[in-house]
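Residue-level listing of the chains:
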Amino acid sequence: MSLLEAIRSALSAIGANALRSALTMLGIIIGVAAVIAMVAIGSGARERVDSQIKSLGANLAIIQAGNVTQGGVRLGAGASSTLTDEDAKAVAAEVEDVVASASVITTRAQAVYAGTNWSTTITATDLDFFTAREWGLAEGRLFEPEELRRGEIVAIIGQTVARNLFGDSDPLGQMFRIRNVPFKVIGVMAGKGQSALGQDQDDVIFVPLDTGRRRIVGRNYARDRSVQTIMVKFASEQAINPGIEQTRALLRQRHRLTEDQEDDFIVRNLTEIANTATAAASTLSWLLAAVAGVSLLVGGIGIMNIMLVSVTERTREIGLRLAVGARQRDVLSQFLIEATTLATIGGAVGIALGVGAATAIARFAGWPFVISPQTILVAVGVSGLIGVFFGFYPARQAARLDPIEALRRE
């Protein structure tokens, strides 16, 4: 029997019991649809986590004020104010592979424009911040070095602030107040969206570092030139860990810490945090796919069961084929093709349902989803393999029937 004849015979046998064939394929349909939907949603969630973390900037380390002890009392992380913008300059000058080292002070304040006001985050920083965060402008310009040096009262605003404070009007060149200090808008940042923690990164106003210290945050920061955070960007991911060690040694030396004293600062590697979050999302995606894959196993068992029933029902037909000269491999290939065809058709229908389910879930829940061609190809391949694997035993049973015994059976 040629392959074409075997396929034609298999399709004829499937069509002769259309309802039973449809019910047999149902397990494969549900399994493939569940796998496609779960992988699509899981991949979308992983990409969303990746994009949120990457929006912070690549190859970043964050140095924050650490613990300080007063009178035997440990005041906890962030209590010290030993970090200064001179530390940031020293890191940029003395640590290898540093692309940018930005001093940062943040606070919250009310911004007022005409009859509108908006509570937002005020970030006092320098030009290295925008390099470190890989954050560009939508319109306008960044601070000029002379404005930073003199502490000019100019500001760059985020998209959320522009929308809520200025509405439809053009914010460039407009004057607004922060704590009764008038600021002029010189730029509007490009949109960044939400961070990995769900915070709106566009809800921010940037002002020159010295301006923020003297005019908004308060005298304590202005007196000793201290900063809350130093944001360090390295040239590559491989340079981060060695760079962090050099930075730690440099800051301990600058802060005159002895060997028995703990760091008065905290260094966090954002790339490690990003990799951990991505790995967790990837693991969750594959876990969901594995759980959904159980349905494929159930569907395969259903195919084996129906094919065994089919062999029993068609014993006389098999005996007749063998008696008139059909070889065992002809019978074996016929039943294998039937099982594989059932599984493949079920897989194709399952793919369509899976794509539809992923789209519906994503729209209803507001989740992203990603369906790659590789996932669809794997689903089709797995469906075919299930047909071969679970169809082989019934096909082998059919091929090994004794023609005489088979013809005698009622």
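Residues numbered from 1 in each chain as written. Predicted model: local features only at pLDDT ≥ 70, side-chain atom pairs only at ≥ 80, totals over all residues. Heavy atoms only, no water.

Some remarks on the overall build of the protein chain
Along the protein chain, the regular secondary structure elements total 14 helices and twelve strands. The buried share of the protein chain, taken over its 410 residues, is 44%. Restricting to contacts in the protein chain with at least 6 residues of sequence separation, those with at least 24 account for 76%. A total accessible area of about 20,600 Å² is found for the protein chain, and carbon and sulfur atoms account for 58% of it. (Helix = DSSP H or I, 4+ residues; strand = E, 2+ residues; numbered from the N terminus. Buried < 20%, exposed > 50% of the residue type's maximum accessible area, 1.4 Å probe, protein only. Contact = heavy atoms within 4.5 Å. Areas by Shrake-Rupley, 256 points an atom, 1.4 Å probe, with all protein chains shown as cover.)

Here's the deal with the side chain of Asp264
Mapped onto the elements, Asp264 comes out in the loop between helix 9 (240–254) and strand 12 (265–269). It is Arg252 that comes nearest to the buried, bridge-free Asp264 among opposite-charge side chains, at 6.9 Å. Here the side chain of Asp264 touches His255 through a polar contact of 2.9 Å, side chain to side chain. (Lys, Arg positive; Asp, Glu negative; His and termini not counted. Salt bridge = Lys/Arg side-chain N within 4 Å of Asp/Glu carboxyl O. Polar contact = N/O pair within 3.5 Å; in protein donor to acceptor, adjacent residues only side chain to side chain.)

Overview of the pairing of strand 10 (residues 204–208)
Among the five residues of strand 10, five are classified as buried, and the element is accordingly described as predominantly covered. Alignment of strand 7 (residues 154–157) against strand 10, held across two bridges, turns out to be antiparallel. Bridge pairing in strand 10 links Ile157 to Ile205. (Pairing = 2+ DSSP bridges.)

Section: the pairing of strand 9 (residues 181–189)
Buried residues dominate strand 9, accounting for seven of its nine residues. Where strand 6 (residues 137–140) and strand 9 come together, three bridges link them in antiparallel fashion. Paired with Gly140 across the bridge in strand 9 is Gly187. Across four bridges, the pairing between strand 7 and strand 9 is parallel.

Comments concerning the UniProt feature "transmembrane region" (unreviewed entry) in the protein chain
Per the UniProt entry, the sites bearing "transmembrane region" (unreviewed entry) are residues 21–45, 286–311, 335–362 and 374–393 in this numbering. Taken as a whole, residues 335–362 contains 100% helix and 0% strand, while its terminal C-alpha atoms sit 40 Å from one another. Spanning residues 374–393, this segment combines 100% helix with 0% strand, and its end C-alpha atoms are found 30 Å apart. (UniProt positions renumbered as here; feature names shortened; annotations may be inferred.)

Some words on the nonpolar core
Buried together is how nonpolar side chains tend to be arranged in soluble globular proteins. In this structure, Ile157, Phe176, Ile205 and Phe234 are the most contacted members of the largest nonpolar core, which totals 41 residues. The element that contributes the greatest number of residues to this core is strand 4 (residues 98–113), accounting for five residues. For Ile157, the contacting residues outside a window of four places in its chain are Ala162, Phe166, Pro171, Phe176, Val185, Gly187, Val188, Met189, Val204 and Ile205. Residues Leu296, Met307, Phe335 and Ala379 belong to the second largest nonpolar core, which totals 25 residues. (Core = buried A, V, L, I, M, F, W, Y, C linked by side-chain atoms within 4.5 Å.)

Quick look at the pattern of salt bridges
What the rule picks out here adds up to 13 salt bridges. The salt bridge partner of Glu245 is Arg248, with a shortest N-O separation of 3.3 Å. In this pair, Glu245 and Arg248 are both assigned in helix 9, three residues apart and thus about one turn of the helix distant. Classification of Arg248 as partly exposed rests on a relative accessible area of 23%. In this structure, Arg252 and Asp263 form a salt bridge, with 2.5 Å as the shortest nitrogen-oxygen distance. Taken together, the residues Arg252 in helix 9 and Asp263 in the loop between helix 9 and strand 12 connect sequence positions eleven residues apart. Connected through salt bridges with shared partners, the residues Glu146, Arg149, Arg150 and Glu152 form a single ionic network.

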